[in-house]
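The primary structure of each chain is shown beneath.
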Amino acid sequence: MTAKFVWYDLNTKDIEKAKEFYTKLFGWNVISWKPEGAPADMPEYQMLCIGEQAFGGMNALPQEVPAPAHW
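Residue positions are given per chain, counting from 1 as you read along its sequence in written order. pLDDT decides what is reported in this predicted model: residues at 70 or higher carry local features, side-chain atom pairs at 80 or more are listed and counted, and totals for whole chains, interfaces and linings draw on all residues regardless. By convention in this description, side-chain values take in all heavy atoms of the structure and omit both hydrogens and water.

Participant: I would appreciate a short explanation of the sheet that holds strand β2 (residues 29–33) in the present structure.
Facilitator: Hydrogen bonds along the backbone pair up the strands of a sheet, which may run parallel or antiparallel. Taken together, the four strands give an open sheet; going across it, the order is β1-β4-β3-β2, and neighbouring strands pair in mixed fashion. This sheet does not close on itself; its edge strands, each paired only once, are β1 (8–12) and β2. In this sheet, adjacent strand axes meet at a mean angle of 30° when their direction is disregarded. Note: two strands are recorded as paired if DSSP finds a minimum of 2 bridges between them. Secondary structure is summarised from DSSP: a helix means a run of H or I of at least four residues, a strand means a run of E of at least two, and numbering begins at the N terminus for each. Where β1 meets strand β4 (residues 53–60), five bridges bridge the pair, whose relative direction is parallel. Bridging across to β4, Asp9 finds its partner in Gly57. Note on definitions: a residue-residue contact is assigned when non-hydrogen atoms from the two residues lie within 4.5 Å. Whenever a helix is involved, its axis is fitted only over the stretch in contact; in every case the axis is a line through C-alpha atoms, and angles between N-to-C directions fall within 0 to 180 degrees. Packed onto the sheet, helix α1 (residues 15–26) meets β1, β2, β3 (45–50) and β4 and runs at close to 150° relative to β4.

Here's what the structure looks like:
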């Protein structure tokens with residue numbers, strides 16, 4: 001049996017609201033992550049986890065982008 005790698009990304013203009021929504025709805029955990037040596041002004045990536053197993057994350061969608069939040 002082989003496993004397939006799957007990673008989900010949510011692009012949203014309001015990460016804090018998305019964190020609140022998905023943690024309450026599904027009980028997911030959110031872990032902030034930033035690569036070692038990343039520029040100081042680089043925002044942290046919000047990893048979505050079930051327990052400690054990461055399966056996706058959230059990206060900040062700039063306010064000026066004319067698109068709604070999407071997976």
